[in-house]
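# Architecture and fold: a report
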Number of protein chains: 2
Amino acid sequence: MFTVAKPMSARRRGFAHERDLARKLWAKGFAVMRAPASGSKAKRLRYPDLVAIRNRVVFAFEIKTTSNASRDIYIEKEQIEKLIEFSKRAGGEAFIAVKVVGEGEWYFIPVSELVVTPGGNYKITLREESRSRFLRIDNLVSLALGVKTLREFLEK
Amino acid sequence: MFTVAKPMSARRRGFAHERDLARKLWAKGFAVMRAPASGSKAKRLRYPDLVAIRNRVVFAFEIKTTSNASRDIYIEKEQIEKLIEFSKRAGGEAFIAVKVVGEGEWYFIPVSELVVTPGGNYKITLREESRSRFLRIDNLVSLALGVKTLREFLEK
């Protein structure tokens with residue numbers, strides 16, 4: 001007897017990556033909440049993909065994954081507006097969380113650092129020299145603990 | 001041609017009440033996030049039913065509905081522990097949000113105000129004299145804006 005492994009749908013793979021990030025942030029001491037599944041009526045309320053809070057410091061994330069780090073990542077204007085509205089209300093910071101799938105690493109890009117495209121959408125470039133300006137998971141811990149400010153990270 | 005309206009399942013009714021509370025808190029200026037559907041793997045991470053944040057003030061809610069206000073509401077120990085763990089990490093306040101369905105009203109009970117049962121679980125009594133100690137949605141706004149503290153509400 002044997003069973004054939006079903007290929008995982010893009011949607012289910014997306015959830016698996018979200019869970020991976022949620023687990024990692026929880027392990028670092030954050031209270032973490034993932035959004036209800038996309039497409040539910042709840043989405044009308046403009047949820048980010050994930051919210052992490054530690055000691056009243058709130059981070060809201062839109063999650064993107066890529067298996068090709070040489071390609072830019074594009075994000076729609078509406079997604080960024082939704083993320084900014086949420087974090088403005090919460091008094092928090094908004095990030096795009098990017099996982100480079102082959103590498104298994106997460107990078108966090110503050111929305112203020114995104115490049116605007118001529119069409120009004122947003123873009124992230126993953127080449128090495130850009131990544132030096134991205135935050136890593138331990139940097140989020142430093143921000144939440146007040147060890148370092150976001151400005152200090154971006155000025156490095 | 002006609003169709004017979006399907007009775008709404010308890011599960012779907014539960015979601016409808018969650019959405020009702022989410023919408024009301026959003027309308028009051030909170031950033032709001034509902035948990036993924038119960039039973040998903042995500043639940044292992046100990047999510048509250050709903051989180052509302054305004055200006056770095058974090059409220060975590062477990063949601064209960066009842067159509068019979070003369071009956072006490074019981075909540076399992078594990079649910080309360082989950083809620084307390086989340087709000088401790090977040091630096092926020094934990095509440096049970098109760099909707100009395102016929103009345104359509106929401107009441108918010110701080111976990112510190114719950115009555116412990118002999119079996120180690122928790123209980124809420126909805127009779128009128130108890131309700132005077134419950135918070136209403138506008139009280140949550142006052143808390144978030146720092147107009148009044150939780151202690152001031154509970155000493156009234």
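Residues numbered from 1 in each chain as written. Chains lettered and ligands numbered in written order. Predicted model: local features only at pLDDT ≥ 70, side-chain atom pairs only at ≥ 80, totals over all residues. Heavy atoms only, no water.

### Thoughts on the sheet that holds strand β3 (residues 57–66) of chain A
Residue and element names in this part refer to chain A. For clarity, the threshold we go by: At least two bridges found by DSSP between two strands is the condition for calling them paired. Strands are runs of DSSP state E lasting at least two residues, helices are runs of H or I lasting at least four, and both sets are numbered from the N terminus onward. Here the axes come from fitting lines to C-alpha atoms, over the contacting stretch only for helices, and the angles between their N-to-C directions go from 0 to 180 degrees. Working rule for contacts: check all heavy atoms of both residues, and any pair within 4.5 Å makes them a contact.
Strand order in the open sheet formed by five strands is β1-β2-β3-β5-β6, with mixed pairing between adjacent strands. Since the sheet does not close on itself, it has two edges, and those belong to β1 (31–34) and β6 (105–110), each with one partner. Here the strands of the sheet are splayed against their neighbours by 25° on average, with no regard to which way each runs. Note that β3 and strand β5 (residues 93–100) share eight bridges and pair parallel. Opposite E62, over in β5, you have I96 as the bridge partner. Each of β2 (50–54), β3 and β5 is contacted by helix α2 (residues 77–90), which is oriented at about 160° to β3, the strand it contacts most. Running at roughly 165° to β3, helix α4 (residues 137–145) makes contact with β2, β3, β5 and β6 of the sheet.

### Examining the interface of chain B and chain A
In plain terms, the rule: One side-chain nitrogen of Lys or Arg within 4 Å of one carboxyl oxygen of Asp or Glu is enough to make a salt bridge. For this analysis, a polar contact is any N or O atom pair within 3.5 Å, provided that within protein one partner can donate a hydrogen and the other can accept it, and provided that sequence-adjacent residues contribute only side-chain to side-chain pairs. Three classes are used: nonpolar for Ala, Val, Leu, Ile, Met, Phe, Trp, Tyr, Cys and Pro, charged for Asp, Glu, Lys and Arg, and polar for all others, with Gly counted as polar.
Every contact between the two is made by 32 residues of chain B and, on the other side, 32 residues of chain A. The tally of links from chain B across to chain A stands at zero salt bridges. Taken together, the connections running from chain B to chain A amount to eleven residue pairs in polar contact (both at pLDDT 80 or more). Counting only elements with at least two residues in the side of chain B that touches chain A, the list comes to α1 (10–27), β1 (31–34), β2 (50–54), β3 (57–66) and α2 (77–90) of chain B. Split into classes, the residues belonging to the side of chain B that touches chain A amount to 19 nonpolar, three polar and ten charged.

### Brief notes about the relation of the copies chain B and chain A
Here is the rule we go by: Least-squares superposition aligns the copies on the C-alpha atoms of those residues with pLDDT at or above 70 in both.
The two copies are related by a screw motion: chain B maps onto chain A through a turn of 180° and a shift of 0.0 Å along the axis, at an RMSD of 0.0 Å. Taken together, the rotation angle and the small translation identify this as a two-fold axis. Measuring from the rotation axis to each C-alpha of chain B, the shortest distance belongs to P36(B), at 1.9 Å. When the interface residues of chain B are mapped onto chain A, 100% of them are again interface residues, pointing to one common binding face.

### Structural notes on the side chain of K64(A)
Residues and elements named next belong to chain A. Keep this limit in mind: The cut-offs for exposure are 20% and 50% of the maximum accessible area for each residue type, with area from a 1.4 Å probe on protein chains only; residues under the lower value are buried, those over the upper are exposed, and the others partly exposed. Note on charges: Lys and Arg go in the positive column, Asp and Glu in the negative column, and His and the chain ends are not counted at all.
Within the element layout of this structure, K64 appears in strand β3. Buried within the structure, K64 lacks any salt-bridge partner; its nearest side chain of opposite charge belongs to E62, at an N-O separation of 5.7 Å. Residues contacting K64, with those up to four places away along its chain left out, are I73, Y74, I75, Q79, I96, A97, V98 and K99.

### Topic: the pattern of salt bridges
All names here are of chain A. For the structure shown, the criterion picks out 20 salt bridges over all chains. In this structure, the salt-bridge partner of E62 is K82, at a minimum N-O distance of 3.4 Å. In this pair, E62 is assigned in strand β3 and K82 in helix α2, connecting sequence segments 20 residues apart. For the pair E62 and K82, one class covers both residues: buried.

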